[in-house]
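Geometric and topological summary
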Amino acid sequence: MRAMQLALDGESDAEKAFFVADLSYVFRQHERWQKCLPGIEPFFAVKCNPDPYVLRLLAALGTGFDCASNGEISQVLRLGVDPSRIIYANPCKATSFIRGSAKSGVDMMTFDNTDELYKIARVHPGAKLVVRILTDDSKSLCRLGLKFGAPLVSVPALLAKAKELNLDVIGVSFHVGSGCYDSSAFADAVMRARAAFDMGKEAGYAFTLLDVGGGFEDGTFEATASILTDAISRYFPNREGLRIIAEPGRYYVSKAFSLATNIIARRAPPEPEKGSQDVEMDPEQPSVMYYINDGVYGAFNCILFDHQTPQPYVLSLSGSFHVPASVPLRASSVWGPTCDSIDCVCSITQLPESLQVGDWLAFDNMGAYTVCAASQFNGFEVSNVIYTTGGGAGAAEVRRALKMFVDEAVDV
Ligand SMILES: *Cc1c(COP(=O)(O)O)cnc(C)c1O
């Protein structure tokens, strides 16, 4: 609250933007997962948010991890996680990375093309392969099918090649697209996975793994879980010997992080002179520009990369946490701190007209695909994270889980 005064007094970090991570939220999402999808093991998609405390907590809770690079694999292994709890779920890997995973004992990995099979046969012939199939990703924010996934028609040839190379294919994976807003996409994908299982049998394999990928959304989770469960019992009525895993990312962390930003500058129209006529302002056009100290090159890269539209709310107004409901609003725009005009956080929103430099704006749902892809463009540092175990349900469990790491002095 006293950020402005402290900054005037020479305190360098007082104004800095910061995340608040409520780890008990991650814990509760895990409980919710276990309740709704008890037969499906979650492998957290590290790329979504590789925060060290999120990873520690999930490691303690016993989830697996979906990694896409040697860097992510090392980060997870350093937590003391057994390599069997990792799936290397990037279908297109550098040969050196495949060799690295062989060295560290990570065997489970995805593929969707023959070149990958040749590479794997050369440097990791003992790998447990999972064929990533293409599914309909048109009902999702971030379509992944443009880049990955073997169309079903190509699967028999892929499996024949794998057999010829003496490789062990253990199952099928898919990803319906990140931020999937149509739960029925999962049912369609499970149906296609069933077809791929049958192709596996034709090729002489007995698949034992179904990986239903990521794409789970907080708001539609129960509906998705129920559609997915129904589809699995329909297409895989005999669950015996079948292991089902998933690669949720966003679901676990999206709502766990909020971001507090300081208003570092403002451009407002000149105050009308006394006695002059009020200038008519177009309420549809932002008349005030606020500049905050995180932007599109930082945490708000999610606007560009993850197609998000973050909405600010007032954390402090005129130096007080109390924001009266009656305060008059003005159409405003919110900008990041860099010198690039693409750095617009919110092109129009209603904010109190008395909002000033030194006040704070906050944003919720900032846990997925934000801090992990933030850059330091223009010399602006990435915002720090402040952790809380929350006051409500799960706080004690989170503290207990994290204490394990302190006791064992595990290095992250
Ligand atoms: C990004 C990604 C995920 C996580 O997706 P969410 O939509 O965040 O759940 C899972 N698996 C793979 C292979 C991915 O690329």
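Residues numbered from 1 in each chain as written. Predicted model: local features only at pLDDT ≥ 70, side-chain atom pairs only at ≥ 80, totals over all residues. Heavy atoms only, no water.

Mapped onto this numbering, the UniProt entry gives "modified residue: N6-(pyridoxal phosphate)lysine" (unreviewed entry) at K47. Within the secondary structure layout, K47 lies in the loop between strand 2 (41-45) and helix 3 (52-61). (UniProt positions renumbered as here; feature names shortened; annotations may be inferred. Helix = DSSP H or I, 4+ residues; strand = E, 2+ residues; numbered from the N terminus.)

The next thing to look at is the packing of aromatic side chains. Using the criterion set out here, one finds 17 aromatic pairs in the structure. Among the aromatic residues, those joined into a ring-pair cluster are W33, F44, F186, F216, F221, Y251 and Y252. Looking at R56, its charged tip hangs above the ring of Y53, at a distance of 4.6 Å from the centre. (Phe/Tyr/Trp six-rings, centres within 6.5 Å; stacked < 30°, edge-to-face > 60°. Lys NZ or Arg CZ within 6 Å of the ring centre and 35° of its normal.)

Glancing now at helix 2 (residues 23-36). Across its 14 residues, helix 2 extends 20 Å between first and last C-alpha, which sits within 8% of the 20 Å expected from 1.5 Å per residue. For helix 2, the complete set of buried residues consists of L23, S24, Y25, V26, F27, Q29, H30, W33 and C36. (Expected span 1.5 Å × (residues − 1). Buried < 20%, exposed > 50% of the residue type's maximum accessible area, 1.4 Å probe, protein only.)

A word on the UniProt feature "domain: Orn/DAP/Arg decarboxylase 2 N-terminal" (unreviewed entry) in the chain. Cross-referencing UniProt, the feature "domain: Orn/DAP/Arg decarboxylase 2 N-terminal" (unreviewed entry) maps to residues 25-254 in the present numbering. For residues 25-254, helix accounts for 43% and strand for 17%, while the C-alpha atoms at its two ends are 10 Å apart.

What follows covers the environment of G391. Relative to the elements of secondary structure, G391 occurs in the loop between strand 18 (384-388) and helix 12 (395-408). Along the chain, G391 and S24 lie 367 residues apart, while their C-alpha atoms are 8.4 Å from each other.

What follows concerns empty space enclosed by the protein. What the rule picks out here adds up to 2 cavities of 30 Å³ or more. Roughly 80 Å³ of internal volume is contained in the largest cavity. Around the largest cavity, the lining residues are N293, D294, G295, Y297, G298, P337, T338, S375, F377, F380 and E381. Among the residues forming the lining of the largest cavity, the class breakdown is 4 nonpolar, 5 polar and 2 charged. Of the volumes computed, that of the second largest cavity is approximately 30 Å³. Together, R132, I133, L134, T135, L144, G145, F148 and H175 line the second largest cavity. (1 Å grid on protein atoms, 1.4 Å probe; cavity = no way out; pocket = protein on both sides within 12 Å on 5 of 7 lines; lining within 4 Å. Points joined across faces, edges and corners; volume = space filled by probe spheres on them. Nonpolar A, V, L, I, M, F, W, Y, C, P; charged D, E, K, R; others polar.)

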